[in-house]
Amino acid sequence: MNASSPRTIAGYLPIILPAVLLVVFFVVPFGTMVLTSCHENSSFGASETTLTLANYQRLLSPFFMGLLLATFGLAFGVAAIAIVIAFPFSYLLVNAPRATQICWLIFLLSILSLSESITGFAWSTLLSRTAGISNFLVFIGFIDKPASYTPGLAALVAGVVYTAFPYAVLVLYPILSRVDPHIEEAARTLGMSPLGTFFGVVLPMQRNTIVTTFLMLLVFTLGTYLMPQILGRPQHWTLSVVISDQALVQSNIPFAAALAVFLVIVTFLILITVVQFGRKERA
Amino acid sequence: MSGLAIRKINKAYGPITALSNISLDVENGKFLCLLGPSGCGKSTLLRIIAGLEDATNGQILLDGRDITNVPAHMRDFGMVFQSLALFPHLSVGENIAFALRIRGASKDVQKAEVQRLLALVHLPGVADRSITQLSGGQRQRVAIARALALKPKLFLLDEPMSALDAKLREAMQVELKRLQQELGITTFLVTHDQKEAMTTADLVVLMSGGVIQQVAPPLEIYRNPANAFVADFIGAANLIGGRVVSPGRVSVPGGTVTISDAPASGAFTFSVRPEDLALHDEANDSSFFGHIAFARHLGSGIEVNVAVEGMEKDVVVALPSRHESGLAVGRPVHVRVNGATCVVLR
């Protein structure tokens, strides 16, 4: 790779626009947010000029630590469930007839076109006592009387997995479809059963893909904001929900900013850890 | 009987017939080449032998035992794929030891086998390298070593050399043949390259359109092609239509030639190799007349196209490299035919 830097200013021209965009739309707002997070809240929603770390100290309470744990617990759980379903699904999809593949991909894309709130309320109805699947379960004699499954952790996880799943498939599908089909056949001629080939060759071969997809799902789920309010109880609320609550309902912009900065930092640390883990596994 | 027997194998993909009524007996230790143009069914036949595809009907027997329904992973055949299909996440040594590992061989046994196999394919000392660090030719050797790790009863290769450059390919062909002779392992090589088939095979199985056209040793298939397709596919051949005028005498466009084993009467086609024809200024009792249409010097020889009135295609004549000049385009010449080198096609 050619790693030499351009010698003239003109050589930097192609990256000036992205650099400016990055500074204006990311560095400046994030800097503002860090600055805001170090201010005290005033009753007008504006902040005073003295700098303080009080907002961050408040974060260290058991309540917010619990909140952080719940947020990451949900994100890890959803990412794990989504990938456990999405990987075999994508693998089967890649090996399915062309027409089947197209049908599924269109279906998954149309799920993405739905807004999160529509999906959330649809699940809410589906899991409700009055109109939900429990009525069907009663009808087939599986349970005695209709029950409500929402709000609750299971409903929340189901809803978020449902929104995360298409992303996982859309990331995995192109990668899996490029894999040389002869590799599996080679494993079989060398004495591996079809199931053994999936676990012994296909999965290990895609370790990096799986780690990357997991990270994407993790970050995607960390930002989930509507689903916990529609399908979860208050104890299932994520940091994102509390941030918007602080900013919009409590009008405590500095504390909301501190929470957001905190979320970014913790996310960043976890990403680094997982990437390191993936690297070590590979060696 | 000991060896592989293929009995009336048919394969259809929906309405398309890929193989029809393939039967073949192969003695143990033979090197077979499945040769033919792309789409002739040779790869399908190999995949059916490997158990990667099911035949629509028919039977495969190995040493008298029916293996038609034995799944691929229980056949213990070594196979090398066109794409080589090495496991990208494993090192060279792990790739080669794969079959041994899943059979529970100890680490020491695996290591010793990897050493032995790498020495066998003349690639020592690379066991710890990653696949991506190897050149195309080295990967080829690793794929062969991996397939041989089980000491398989059958060694199957599906156009394994098509990705190599011409020079390396020829070297690998010779090496593969030597390796096969050393191990005495029954080998099937699928190729569309007739030179590869001639170099390596004990028996060439020439296929076209899902049907076996001829099974014969390389020289035999070259000298006595069974039909026009074989004559045309193997090497260069002139297919000439003639009509018997008297016993052994055949009238062709531009002259009359002597072919002792010509049919008693009527029209027929015979095949004659370019190197078996000669150009002269005068006619003799077995020659025909034409004009030079094109001549090219190939270094090792000269190839001359002679246009003959009444023939659709030019007759190709191969001359030795030192042939004197006088090959100007348009020059009238007599093509002399030695009847003993002509093969009558039926």
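As recorded by an unreviewed UniProt entry, chain B carries the name ABC transporter ATP-binding protein and is attributed to Rhizobium hidalgonense. Under the UniProt heading Subcellular location (unreviewed entry), the note attached to chain B is "Cell inner membrane". Quoted verbatim from the Sequence similarities (unreviewed entry) field of the UniProt record, the comment on chain B reads "Belongs to the ABC transporter superfamily."

Draft legend 1. Main features of the UniProt feature "domain: ABC transporter" (unreviewed entry) in chain B. Within this numbering scheme, the UniProt entry marks residues 4–234 of chain B as carrying the feature "domain: ABC transporter" (unreviewed entry). Note that residues 4–234 of chain B is 36% helix and 26% strand, and that its end C-alpha atoms are spaced 26 Å apart.

Draft legend 2. Inspection of the environment of I83 of chain A at higher detail. Residue and element names in this part refer to chain A. Relative to the helices and strands, I83 is located in helix α3 (residues 62–94). Sequence-wise, I83 and V169 are 86 residues apart; in three dimensions their C-alpha atoms are separated by 8.5 Å. Discounting residues that sit within four places of it in the chain, I83 has contacts with A168, I210, T213, F214 and L217.

Draft legend 3. The sheet that holds strand β6 (residues 78–80) of chain B, seen in detail. All names here are of chain B. On the basis of which strands lie adjacent, the open sheet formed by six strands has the order β6-β7-β8-β3-β9-β10 and mixed pairing. Looking at the sheet topology across the chains shown, the edges are occupied by β6 and β10 (211–216). Each strand of the sheet is rotated relative to its neighbour by a mean of 15°, with strand direction disregarded. Of the strand pairs in this sheet, strand β3 (residues 31–35) and strand β8 (residues 186–191) are connected by five bridges, and their pairing is parallel. Within β8, the residue paired with C33 across the bridge is L189. In the packing of helix α5 (residues 136–148) onto the sheet, contacts are made with β6 and β7 (154–158), and the angle to β6 comes to roughly 165°.

Draft legend 4. A look at the domain arrangement of chain B. Residue and element names in this part refer to chain B. Parsing chain B into structural domains produces domain 1 (3–232) and domain 2 (236–345). For domain 1 and domain 2, the distance between their C-alpha centres works out to 39 Å. Every contact between the two is made by six residues of domain 1 and, on the other side, six residues of domain 2. Classifying every residue of the side of domain 1 that touches domain 2 gives three nonpolar, two polar and one charged.

Draft legend 5. Spatial organisation of the nonpolar core. One finds C33, L34, A145, L156, F188, V205 and V335 of chain B to be the most contacted residues of the largest nonpolar core, which totals 97 residues. The biggest single contributor to this core is α5 of chain B, with six residues. Mapped onto the domain boundaries, this core takes at least three residues apiece from domain 1 (3–232) and domain 2 (236–345) of chain B. Leave out the neighbours within four places in its chain, and L156 of chain B touches L46, I49, A50, F77, G78, M79 and F188 of chain B. Residues L74, I83, L93 and L222 of chain A belong to the second largest nonpolar core, which totals 29 residues.

Conventions we followed
Residues numbered from 1 in each chain as written. Chains lettered and ligands numbered in written order. Predicted model: local features only at pLDDT ≥ 70, side-chain atom pairs only at ≥ 80, totals over all residues. UniProt positions renumbered as here; feature names shortened; annotations may be inferred. Helix = DSSP H or I, 4+ residues; strand = E, 2+ residues; numbered from the N terminus. Contact = placed C-beta atoms within 7 Å. Pairing = 2+ DSSP bridges. Axes fitted to C-alpha atoms, helices over the stretch in contact; angles between N-to-C directions. Domains from an automatic or database assignment. Nonpolar A, V, L, I, M, F, W, Y, C, P; charged D, E, K, R; others polar. Core = buried A, V, L, I, M, F, W, Y, C linked by C-beta atoms within 7 Å. Buried ≥ 20, exposed ≤ 12 C-beta atoms within 10 Å, placed from the backbone.

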